[in-house]
Amino acid sequence: MTATSVPAPLPGVPGHHGRTALVTGAASGIGAACSLRLAAAGAHVRALDRDAAGLDGLVRRAPGLPGSIEAVVLDLTDLDAAEQAAAGADILVNNAGIQLVRPVEDFPPDAFRTMLTIMLEAPFRLIRGALPHMYERGWGRVVNISSVHGLRASAYKSAYVTAKHGLEGLSKTVALEGAAHGVTSNCVSPGYVRTPLVEKQLADQAAAHSLPVEDVLADVLLRDTALKRLVEPEEVAEAVAYLCAPHSSFVTGTTLVMDGGWTAH
């Protein structure tokens, strides 16, 4: 083994004992799945969300895991608090997101600003808060939950598409700056995931297209997807776990796309 070789953990052995992970939007969906997966790998997970009840439910699922989950109730529009919350994190998963479906001419400017704050400026501030500790330890993992909408646009989603495209660029910049310090930065970009956010989109798209909700999934959301199903949150969590693992240390500045063939067109 050379001095630069990275040993991989034995199969089945948790690989993140002694690591602290921060996951945003952790009360449900992808964030909850990532929190449980990283705790299963031995990490102490700070699960951050504004939904205190949802976090309580998540924490109740953690006993018996090799790691642990700590609830952190925080609204990411408080950017100073978000940056402070990221101090000391070895792993940062930027997952929190919201959605609003409207034509550009009807899109409320305040909602546009809030969505960019939560999904782009807050990740910047969280990364800014986490990097000093990562650099000091010579190891760190930043995983940004982007979306197929970070790579492709859809009508009526101007704020979401703008935020996710920006997140992809931020992630690449952090990869370039962090490489000399043992820090990787990547995006996971799924298609439509079975989450409360997508359930709300189904209702919004039904209104926008004057379709029954039951027709929206196949005819609108999954129209360009080869695999005609939603992605499960646990599948996204496995992608996050891969990007945080020792054997992925040469994977940085890229996007792991989980879109069921959408971008193959």
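Conventions adopted
Residues numbered from 1 in each chain as written. Predicted model: local features only at pLDDT ≥ 70, side-chain atom pairs only at ≥ 80, totals over all residues. Heavy atoms only, no water. Disulfide = S-S within 2.5 Å. Pairing = 2+ DSSP bridges. Helix = DSSP H or I, 4+ residues; strand = E, 2+ residues; numbered from the N terminus. Axes fitted to C-alpha atoms, helices over the stretch in contact; angles between N-to-C directions. Contact = heavy atoms within 4.5 Å. Salt bridge = Lys/Arg side-chain N within 4 Å of Asp/Glu carboxyl O. Buried < 20%, exposed > 50% of the residue type's maximum accessible area, 1.4 Å probe, protein only. Phe/Tyr/Trp six-rings, centres within 6.5 Å; stacked < 30°, edge-to-face > 60°. Lys NZ or Arg CZ within 6 Å of the ring centre and 35° of its normal.

Engineer: What's the story with the state of the cysteines in this structure? I'm lost.
Structural biologist: Among covalent bonds in proteins, the disulfide is the one between the sulfur atoms of two cysteines. Taken as a whole, this structure holds zero disulfides when the rule is applied. For Cys244, which is in no disulfide, the shortest distance to another cysteine sulfur is to Cys34 and amounts to 8.4 Å.

Engineer: Help me out: how do you make sense of the sheet that holds strand 1 (residues 20–24) in this one?
Structural biologist: As summarised here, the arrangement of the seven strands in space is 3-2-1-4-5-6-7, forming an open sheet in which the pairing is parallel. The open sheet is flanked by strand 3 (68–73) and strand 7 (255–258), the only strands paired with a single partner. Strand-to-strand, the axes of this sheet are offset by a mean angle of 15°, without reference to chain direction. With three bridges joining them, strand 1 and strand 4 (residues 91–94) adopt parallel strand pairing. Looking across to strand 4, one finds that Ala21 is bridged to Ile91. Strand contacts of helix 1 (residues 29–40): strand 1, strand 2 (44–49), strand 3, strand 4 and strand 5 (140–145), with the helix running at about 170° to strand 1, the strand carrying the most contacts. Here helix 4 (residues 109–137) sits on the sheet and contacts strand 1, strand 4, strand 5 and strand 6 (183–190); the angle it forms with strand 4, its principal contact strand, is near 170°.

Engineer: Quick question: what am I supposed to make of the pattern of salt bridges here?
Structural biologist: A pair can form between side chains of opposite charge whenever their charged atoms are brought close. Throughout the structure, instances matching the rule amount to nine salt bridges. Where Arg37 meets Glu238, a salt bridge forms, and the shortest distance between an N and an O atom there is 2.8 Å. Remark: Glu238 occurs in helix 8 (residues 233–244) and Arg37 occurs in helix 1; sequence separation between them is 201 residues. Residue classification places Glu238 among the partly exposed positions, given a relative accessible area of 42%. Glu83 is the salt-bridge partner of Arg125, the closest N and O atoms lying 2.5 Å from each other. With Arg125 in helix 4 and Glu83 in helix 3 (residues 79–85), this residue pair connects regions lying 42 residues apart in the sequence. Connected through salt bridges with shared partners, the residues Asp80, Glu83, Arg125 and Arg128 form a single ionic network.

Engineer: Looking at this structure, how should I read the packing of aromatic side chains?
Structural biologist: For any pair of aromatic rings, geometry is given as the distance between the ring centres together with the angle between the planes. Counted according to the given criterion, the structure contains two aromatic pairs. Taking 6.0 Å as the distance between ring centres and 85° as the angle between the ring planes, the aromatic pair formed by Phe107 and Phe112 counts as edge-to-face. Judged by its relative accessible area of 8%, Phe107 is buried. The aromatic ring of Trp139 is capped on one face by Arg19, whose charged end is 3.7 Å from the ring centroid.

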